[in-house]
Amino acid sequence: IANEFVDIIARGQGERTFTELVKTLERGGGLSEVLGIAYKKGDKIIFNPERPFEDVNNFPPLPYHLIDIEKYAARTRLGRRTIGYITSMGCPFHCGFCAEQSVFGRKWSALTAPRVIDDMRNLVMKYAVDSIILSDSNFFVNERRVRDICEGIKDLGIAWGQVNGRTDTLVRYKPETWSAMRESGLQYILSGAESGLDECLEIIQKDASVQDTFEFTRIAKKYGARIQFSLFIGAPSLERKYSIEDEFRSTLDMIYRLHMINKDSEFLL
């Protein structure tokens, strides 16, 4: 908002905020009445009160009919006609490097399984979609919901993936949930391994361990799911008890060992 080219920003959950902002501007109303925005008034920057985090089931379905679907149904590694879709908002965890907790305050709200199933079925039937990228920040928070979704879409014959999940969450999933994910078309999962050093994971408040990463890789291979791991080097800390070289070597060693477990694993460093 301090940038000279920015006049107004919508903070946090923006769906309701942005809608009210547009309507307020259209009728020439005062910006002070719109919750969840920051704006400039003369030389001052004003932050209005926060807008309460809302259940995403209160929002209407994404209006795919308003776009030229042919410009968005793209060929990807998942299929010939892949579309993006989001089933939830936010994340309940508190990783120190992530913007989610700043934007949503560790809140998480998800569309119900029946609504997700209906939406996916509509994408397949109306737009001939054969694959779906799920762009949730954390799709796998609720295991029962995930299993219900998978059981409800397995007859669609689609592929789905590029979906975010935590190692410590997925290692606790039941075998029947993993089987349901495989049968419904799961192709690959994005997961933040972050580091091969547990001390680094503690610094960034990951609440997961290096052992979780190895176990998750073994389980995913068993059920035919590929993994794309994200990692980084040099987490800032005033209490660092290890060197950057230690962190670097530990992470490279973890990458090598993960590759030996599943050679289809991918790494973003």
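Scroll up to find the structure this text is about.
What comes next is a walk through the structure.

Quick notes on the rules
- Residues numbered from 1 in each chain as written.
- Predicted model: local features only at pLDDT ≥ 70, side-chain atom pairs only at ≥ 80, totals over all residues.
- Heavy atoms only, no water.
- Helix = DSSP H or I, 4+ residues; strand = E, 2+ residues; numbered from the N terminus.
- Buried < 20%, exposed > 50% of the residue type's maximum accessible area, 1.4 Å probe, protein only.
- Contact = heavy atoms within 4.5 Å.
- Salt bridge = Lys/Arg side-chain N within 4 Å of Asp/Glu carboxyl O.
- Pairing = 2+ DSSP bridges.
- Axes fitted to C-alpha atoms, helices over the stretch in contact; angles between N-to-C directions.
- Patch = residues over 30% accessible without salt bridge, like charges linked within 9 Å, V, L, I, M, F, W, Y side chains within 5 Å.
- Areas by Shrake-Rupley, 256 points an atom, 1.4 Å probe, with all protein chains shown as cover.
- Lys, Arg positive; Asp, Glu negative; His and termini not counted.
- Charge placed at Lys NZ, Arg CZ, Asp CG, Glu CD.
- Core = buried A, V, L, I, M, F, W, Y, C linked by side-chain atoms within 4.5 Å.

## Some points on the overall build of the protein
Scanning the protein from N- to C-terminus turns up nine helices and twelve strands. If you line up the protein on its principal axes, its C-alpha atoms span 60 × 55 × 30 Å. A total of 269 residues make up the protein; the buried ones form 46% of that total. A sequence separation of at least 24 residues applies to 70% of the contacts in the protein between residues at least 6 apart.

## Overview of the pattern of salt bridges
Here the structure, examined in full by the defined rule, presents 15 salt bridges. Because the salt bridges share partners, they merge into one network encompassing R144, D148 and E151.

## Notes on the sheet that holds strand β11 (residues 226-231)
Sheet strands pair by backbone hydrogen bonding; their relative direction is either parallel or antiparallel. Across the sheet, four strands lie side by side as β9-β10-β11-β12; this open sheet has parallel pairing. At either end of the open sheet lies a strand with only one pairing partner, and these are β9 (163-164) and β12 (266-268). Two strands pair when backbone bridges link them, and β11 and β12 are joined in this way by three bridges, in the parallel orientation. Opposite Q228, over in β12, you have E266 as the bridge partner. The strands touched by helix α8 (residues 210-222) are β10 (188-194) and β11; relative to β11, the strand with the most contacts, the crossing angle is about 160 degrees. This element, helix α9 (residues 244-261), spans β10, β11 and β12 of the sheet and lies at about 180 degrees to β11.

## Remarks on a nonpolar patch on the surface
Nonpolar side chains collect at one region of the surface, where L66, I67 and Y72 lie side by side and expose about 330 Å² of accessible area between them. Assignment of secondary structure puts L66 in the loop between β3 (44-47) and β4 (82-85). Looking at L66, the relative accessible area reads 65%, which means it is exposed.

## Notes on the sheet that holds strand β1 (residues 8-10)
Strand order in the open sheet made by the three strands is β1-β2-β3, with antiparallel pairing throughout. Both outer strands of the open sheet, β1 and β3, are each paired with one neighbouring strand and no more. Between one strand and the next, the sheet's axes are offset by a mean angle of 15 degrees, whatever the strand orientation.

## Comments concerning helix α6 (residues 175-183)
Those residues of α6 that fall on the buried side of the exposure criterion are T177, W178, S179, A180 and M181. Tucked into the core, α6 has its buried residues touching α4 (143-153), β8 (159-161), α5 (167-170), β10 and α8.

## As for a negative patch on the surface
On the surface, a cluster of negative charge is contributed by D198, E199, E202 and D246. With three residues, helix α7 (residues 198-203) is the largest single contributor of residues to the negative patch. Along the chain, the position of D246 falls in helix α9. On the basis of relative accessibility, which here comes to 40%, the residue D246 falls in the partly exposed class.

## Details of the environment of L268
Looking at the secondary structure, you find L268 in strand β12. A C-alpha to C-alpha distance of 8.3 Å links L268 and F232, two positions 36 residues apart in sequence. Discounting residues that sit within four places of it in the chain, L268 has contacts with Q228, F229, S230 and L231.

## Here we look at the nonpolar core
If you look at the biggest cluster of nonpolar residues, it comprises 58 residues, and the most contacted ones within it are I132, F140, W160, W178, M181 and F216. The dominant element in this core, judged by the number of residues it contributes, is helix α3 (residues 113-127), at seven residues. Counting five residues, the second-largest nonpolar core is a separate cluster that includes L21, L31, V34 and Y39.

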